[in-house]
Amino acid sequence: MKQDSDLRNNLKSIRTRLGMSQQDLANIANVTRQTISGVESGLYAPSVAITLRLAKALGCQVEDLFWLERDLPEIEAVLAKPVPNGQQLRVSVARVGGQWIAYPLIGKDAFRQDMIPADGEAVAVDGFPGISKLLNPKGEGTSQTGTNKVRVRLLDDNLDTLHNTVVIAGCAPVISLWARATERWHPQLRVQYNFANSMAALHSLCRGEAHIAGMHLYDPETGEYNTPFVRDVLAGREAVLITLGVWEEGLLLKSGNPMGIRTVSDLVAGGATIVNREIGSGSRMLLEQTLQKEQIPFDAVQGFDNILKTHQDVAQAVVRGVADAGISTASVATAFGLGFIPLHRSRYDLVILKEYLEEAPVQQLLSTLGHRMVHSQFEILGGYDISKIGEVVATV
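Worth saying up front: this structure is predicted, and the values here are computed from it rather than measured.

Undergrad: It is not clear to me how the overall build of the protein should be interpreted in this structure. Could you clarify?
TA: Counting its regular elements, the protein contains 15 helices and 19 strands. Per-residue burial for the protein yields a buried fraction of 50% across its 396 residues. Within the protein, contacts between residues separated by at least 24 positions form 73% of all contacts whose residues are at least 6 apart in sequence. When the accessible surface of the protein is totalled, it reaches about 18900 Å², and 51% of it is carbon and sulfur.

As structure tokens, this is what we get:
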């Protein structure tokens, strides 16, 4: 029987994963090798009897071997960020604030350490000539609702997983530890962690692209952490701030501190080269505030304009000798075997719009802040004070 144009199979991938040749499988399933070849190439649609034999021979379900392309649902989603026109687009998908949000898996956003599996493929763009202009370089912009819509062809029909996804935007490496520990406790919950500096995360929350924004910004005028920035960006929308922990921030240095650096003044006096973070990050803000306090011009520090995007990137630059120093946390210094000079203790808060607080996935995630398995992951890192973890520290 000729293959149905909508019928798809992954017979070859399952067979080769099990170390079987076409002839091996044919012998076990009691069919000819030509039958196996025809099915794998899409030239032959097997009968029900052959389909059942193949599934039994491979130890899997029929649905694992064959599916109809038209059976996979399509949804309309809003793109979370600009994409190049005409580029094939893998996306991950979550439901935020009553609408589907599609997060492009492009460049570094496609990876953590390994490549992130996609939930679907954006198959059509509705009127997108100016999508690259929707957001400015700072990540600010108008609400995404009603703009940059795409149709997403899902790669499976498990909509329950997408509905049960919590999206966090932030830059704290411990967020991924918290997420994985939570998923072990609640196997039906999925936590999607989108990397963003503190201000970018807050704008992402405001635009409806995340349920939670993580941030660590200090306002020297008020002596408050995070709350003044939240009030300014959310502009009247109601939110709560919940503490994730207090971490030590400071200078990452080469192991043994060969330049004898103790303060930011020593960076200038010793001619040290640094790497910096982008505008909107808590690390950059700490560096600028410290330099201003010591009355050191920004351009007096070599490498001030050498911008990196993550705490890990800063640490790797110091490890490789690209820079002598950079701003990050004590836990990152420990992870990379670097020296560390503390400059500030910063409170890392989770900002959540009140409208999301009653959603079951968000409640499940927040409930684990009191679990021992989460606390132990933080404690073993070092450099974190979690005595106030889970406390509501402000409402706006």
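Undergrad: Is there a simple way to explain the nonpolar core in this structure?
TA: Note that soluble globular proteins tend to have their nonpolar side chains buried in a common cluster. Core analysis: the biggest nonpolar cluster contains 57 residues, and Trp178, Leu244, Val351 and Phe378 have the highest contact counts within it. With six residues, strand E13 (residues 239-253) is the largest single contributor of residues to this core. Core analysis: the second largest hydrophobic core is formed by 19 residues, Leu7, Met20, Val31 and Leu54 among them.

Undergrad: Help me out: how do you make sense of the packing of helix H2 (residues 22-29) against helix H3 (residues 33-41) in this one?
TA: H3 packs onto H2 with a crossing angle of 115 degrees between their chain directions and a minimal axis gap of 8 Å. As far as their axial angle goes, H3 and H2 are roughly perpendicular. Here H2 and H3 pass one another in a crossing that is right-handed. Listed contacts from H3 to Gln22, Gln23, Leu25 and Ala26 of H2 are Arg33, Ile36, Ser37 and Glu40. The residue inventory of the contact of H2 with H3, partitioned by class, reads three nonpolar, three polar and two charged.

Undergrad: Before we go on, may I ask you to explain the confidence of the model for the protein in this structure?
TA: Reading predicted coordinates in detail is not appropriate for stretches of low pLDDT. Considering every residue of the protein, the mean pLDDT works out to 84; 88% of them sit at 70 or more. In this model, residues 127-146 is a region of pLDDT below 50 whose contacts with residues beyond four sequence positions or in other chains number 34 contacts.

Undergrad: Can you walk me through helix H8 (residues 198-206) in this structure?
TA: For the α-helix, the turn length of 3.6 residues means that residues three or four positions removed from each other point alike. A large share of H8 lies buried, amounting to seven of its nine residues. Along H8, the residues classified as buried are Ser198, Met199, Ala201, Leu202, His203, Ser204 and Leu205. The elements touched by buried residues of H8 are strand E8 (165-170), strand E10 (212-215), helix H9 (227-234), helix H11 (282-293) and strand E17 (339-353). Where H8 begins, the capping side chain belongs to Asn197, and its oxygen is found 3.1 Å from the backbone nitrogen of Met199. Looking one or two places after H8, you find Gly208, whose phi comes out positive at around 85 degrees.

Undergrad: When you look at the pairing of strand E5 (residues 99-104) in this model, what are you seeing that I'm missing?
TA: Extensive coverage of E5 is indicated by the burial of six of its six residues. Alternating residues of E5 divide into Gln99, Ile101 and Tyr103 and Trp100, Ala102 and Pro104, and every residue in both groups is buried. Examined bridge by bridge, strand E4 (residues 89-96) and E5 share six bridges and lie antiparallel to one another. Following the sheet pairing, Val96 is matched in E5 by Gln99.

Undergrad: What is the right way to look at unusual backbone geometry in this model?
TA: Among all residues except glycine, the phi angle is most often negative; among peptide bonds, the trans geometry is most common. A positive phi angle is found at Asn30, which is not glycine, with a value near 60 degrees. One can find Asn30 in the loop between H2 and H3. Despite not being glycine, Ala235 shows a phi value in the positive range, around 50 degrees. Residue position: Ala235 is located in the loop between H9 and E13.

Undergrad: I'm lost on the packing of aromatic side chains in this one. Help?
TA: Geometry of an aromatic ring pair is reported as the spacing of the ring centres plus the angle between the planes. What the rule picks out here adds up to five aromatic pairs. Their ring planes at 50 degrees and their centres at 5.1 Å tell us that Tyr218 and Tyr225 sit as a pair that is tilted. A relative accessible area of 24% means that Tyr218 is categorised as partly exposed. A relative accessible area of 18% means that Tyr225 is categorised as buried.

Undergrad: Sorry, what's going on with the packing of H2 against helix H4 (residues 48-58) here?
TA: How two helices sit against one another is set out by the angle between their axes and by the gap between those axes. In the contact formed by H2 and H4, the axes pass within 9 Å of each other and the chain directions differ by 110 degrees. The pairing of H2 with H4 is recorded here as roughly perpendicular in orientation. Between H2 and H4 the crossing geometry is right-handed. Each of Leu25, Ile28 and Ala29 in H2 lies in contact with H4, whose residues at this interface are Arg53, Leu54, Ala57 and Leu58. Among the residues making up the contact of H2 with H4, the classes are represented as six nonpolar, no polar and one charged.

Undergrad: Quick question: what am I supposed to make of the side chain of Asp219 here?
TA: With respect to the element layout, Asp219 can be found in strand E11 (residues 218-219). This buried residue, Asp219, is left without a salt bridge; Arg231 holds the nearest opposite charge, at 7.7 Å. In contact with Asp219, not counting residues within four places along its chain, are Glu224, Pro228 and Phe229.

Undergrad: It is not clear to me how the environment of Tyr356 should be interpreted in this structure. Could you clarify?
TA: Residue placement: Tyr356 occurs in the loop between E17 and helix H14 (360-367). Looking at Tyr356, the relative accessible area reads 2%, which means it is buried. Distance from Tyr356 to Gly97, taken between C-alpha atoms, is 7.4 Å for residues 259 residues apart in sequence. Non-local contacts of Tyr356, meaning those with residues more than four positions away in its chain, are made with Val96, Gly97, Leu205, Gly208, Ala210, His211 and Val362.

Procedures and definitions
- Residues numbered from 1 in each chain as written.
- Predicted model: local features only at pLDDT ≥ 70, side-chain atom pairs only at ≥ 80, totals over all residues.
- Heavy atoms only, no water.
- Helix = DSSP H or I, 4+ residues; strand = E, 2+ residues; numbered from the N terminus.
- Buried < 20%, exposed > 50% of the residue type's maximum accessible area, 1.4 Å probe, protein only.
- Contact = heavy atoms within 4.5 Å.
- Areas by Shrake-Rupley, 256 points an atom, 1.4 Å probe, with all protein chains shown as cover.
- Core = buried A, V, L, I, M, F, W, Y, C linked by side-chain atoms within 4.5 Å.
- Axes fitted to C-alpha atoms, helices over the stretch in contact; angles between N-to-C directions.
- Parallel < 35°, antiparallel > 145°, perpendicular 65-115°, else oblique.
- Left-handed = near helix turned anticlockwise from the far one by under 90°.
- Nonpolar A, V, L, I, M, F, W, Y, C, P; charged D, E, K, R; others polar.
- pLDDT = per-residue confidence, 0-100.
- Polar contact = N/O pair within 3.5 Å; in protein donor to acceptor, adjacent residues only side chain to side chain.
- Pairing = 2+ DSSP bridges.
- Phe/Tyr/Trp six-rings, centres within 6.5 Å; stacked < 30°, edge-to-face > 60°.
- Lys, Arg positive; Asp, Glu negative; His and termini not counted.
- Salt bridge = Lys/Arg side-chain N within 4 Å of Asp/Glu carboxyl O.

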